[in-house]
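# Residue-level structural notes
Below, each chain spelled out in residue letters.
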Amino acid sequence: MDFAGLRLKNPVFTASGTCGYGDELADFMDVNALGGFITKSITLKPRKGNRTPRIVETDAGMLNAIGLANLGLDRFLAEKLPVIEKMTVPVFVNVAGELIEEYVAVVERLAREEAIAGFELNISCPNVAKGGITFGRDPCQVTEITSAVRKAAGAKTLIVKLSPNVTDISTTARAAIEGGADALSLINTFTAMVIDIETRKPVLANRTGGLSGPAIKPIAVYLVSKIYSEVTKAAGIPILGLGGIRTAADAIEFLIAGASAVAVGTASFIQPDTAIQIIDGIRDYCARHGIARLSDLVGSLS
Ligand SMILES: Cc1cc2nc3c(=O)[nH]c(=O)nc-3n(C[C@H](O)[C@H](O)[C@H](O)COP(=O)(O)O)c2cc1C
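### Some thoughts on the site of the ligand
- For the ligand, the set of nearby residues contains 22 residues, the closest of which are Ser16, Lys161, Gly213, Gly244 and Thr266.
- One of the side-chain nitrogen or oxygen atoms of Ser41 is found 2.9 Å away from a nitrogen atom of the ligand.
- Within the backbone of Gly244, one N or O atom sits 2.7 Å away from an oxygen atom of the ligand.
- Out of a free accessible area of 610 Å², the ligand has 96% covered by protein chains.
- Among the detected pockets, the ligand sits in the largest pocket.
- A class-by-class count of the residues in the shell around the ligand yields 5 nonpolar, 15 polar and 2 charged.

### Brief notes about the packing of aromatic side chains
- All chains considered together, the criterion is met by 4 aromatic pairs.
- Ring geometry for Tyr103 and Phe135: centres 5.5 Å apart, planes at 85 degrees, overall edge-to-face. Of this pair, Tyr103 sits in helix α2 (residues 100-110) while Phe135 is found in helix α3 (residues 133-137), placing the two residues 32 residues apart along the sequence. Neither residue differs from the other here; Tyr103 and Phe135 are each classed as buried.

### A look at the side chain of Thr189
- You can see Thr189 is positioned in the loop between β10 (183-186) and β11 (190-192).
- For Thr189, a relative accessible area of 9% puts it in the buried group.

### Comments concerning the layout of surface pockets
- The calculated volume of the largest pocket comes to roughly 650 Å³.
- Surrounding the largest pocket, 40 residues form its lining, Ser16, Gly17, Thr18, Asn64 and Thr189 being those nearest its centre.
- Mapped by element, the contributors of at least two residues to the lining of the largest pocket are β6 (61-64), β16 (261-264) and α8 (267-270).
- If one sorts the elements of the lining of the largest pocket by residue count, α8 sits on top with 3 residues.
- Tallied by class, the residues present in the lining of the largest pocket amount to 18 nonpolar, 18 polar and 4 charged.
- Within this model, the second largest pocket holds a volume of roughly 250 Å³.
- Forming the boundary of the second largest pocket are 14 residues, of which Asp2, Pro238, Ser260, Ser295 and Val298 lie nearest the centre.
- Class assignment of the residues belonging to the lining of the second largest pocket gives a composition of 8 nonpolar, 5 polar and 1 charged.

Definitions and cut-offs
- Residues numbered from 1 in each chain as written.
- Predicted model: local features only at pLDDT ≥ 70, side-chain atom pairs only at ≥ 80, totals over all residues.
- Heavy atoms only, no water.
- Near = heavy atom within 4 Å.
- Polar contact = N/O pair within 3.5 Å; in protein donor to acceptor, adjacent residues only side chain to side chain.
- Areas by Shrake-Rupley, 256 points an atom, 1.4 Å probe, with all protein chains shown as cover.
- 1 Å grid on protein atoms, 1.4 Å probe; cavity = no way out; pocket = protein on both sides within 12 Å on 5 of 7 lines; lining within 4 Å.
- Sits in = over half its atoms within 2 Å of the grid points.
- Nonpolar A, V, L, I, M, F, W, Y, C, P; charged D, E, K, R; others polar.
- Phe/Tyr/Trp six-rings, centres within 6.5 Å; stacked < 30°, edge-to-face > 60°.
- Helix = DSSP H or I, 4+ residues; strand = E, 2+ residues; numbered from the N terminus.
- Buried < 20%, exposed > 50% of the residue type's maximum accessible area, 1.4 Å probe, protein only.
- Points joined across faces, edges and corners; volume = space filled by probe spheres on them.

Put into structure tokens, the structure is as follows:
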């Protein structure tokens, strides 16, 4: 199948921050059987992230406030790139930062690496004080950061990851496309809170965290459907849909809503090979429904 000009084996990716940098899940699944692999966010300098506790389970999902903890560009190049070079699946490096120049510096350096298929721009992290979601909320800043990174990315594919924590996600989607995004991924997590009623304090040290998992799936499906019909269908830009996908049926909902591919995040913490099972499930569904090309399913909502 085609995704933003890339040939992929299938439409199933892993979601940033839930499957490490490449080899962490190697004991549980054949990572190279995926359609695409997205790394945990990396930033120019290493980050310790937020204080703990930084994850908490909820009824139908979890909150995380990791705060972009990561090893930084230099250690990524020394320790993780060699692993990525051995992978045959297209690998997208998720990039975050506090300043536009930081995003540009990371992308400029990594764009030289043949092993990297492209980038996912994280302008939607709700768990950091500076940068993160502040870029993703303001359409002017979305266009500015996307076009700066677009230049730095050269011929590599650029996916821009949108936040649902905005008033009108169509505005930020249009802004990313105007800046030169090749694809949009939606959605990142929803800002949320869990309170310990005995101490009357938030459970997370960061007070708030990002809600992910099955709880957000119907909202994510709705937002994919909205962006597809209002923005991306006409623009010819593919959507990578994610948010609460646990089964092939969940993934198929996103495809029908208008996503060209899907990513699996939180579900991998429960069953690490969920993404692989979903690939098989989509294949079975297409066979059962006589769907010869996946593109016939994409955006087929009646
Ligand atoms: C523990 C955890 C860490 C995450 N870290 C990142 C990250 O580093 N960068 C990013 O863009 N998204 C990150 N995400 C968001 C996911 O990639 C995804 O957008 C979100 O969780 C919704 O999908 P899901 O419900 O399938 O998990 C993280 C999510 C979780 C649960």
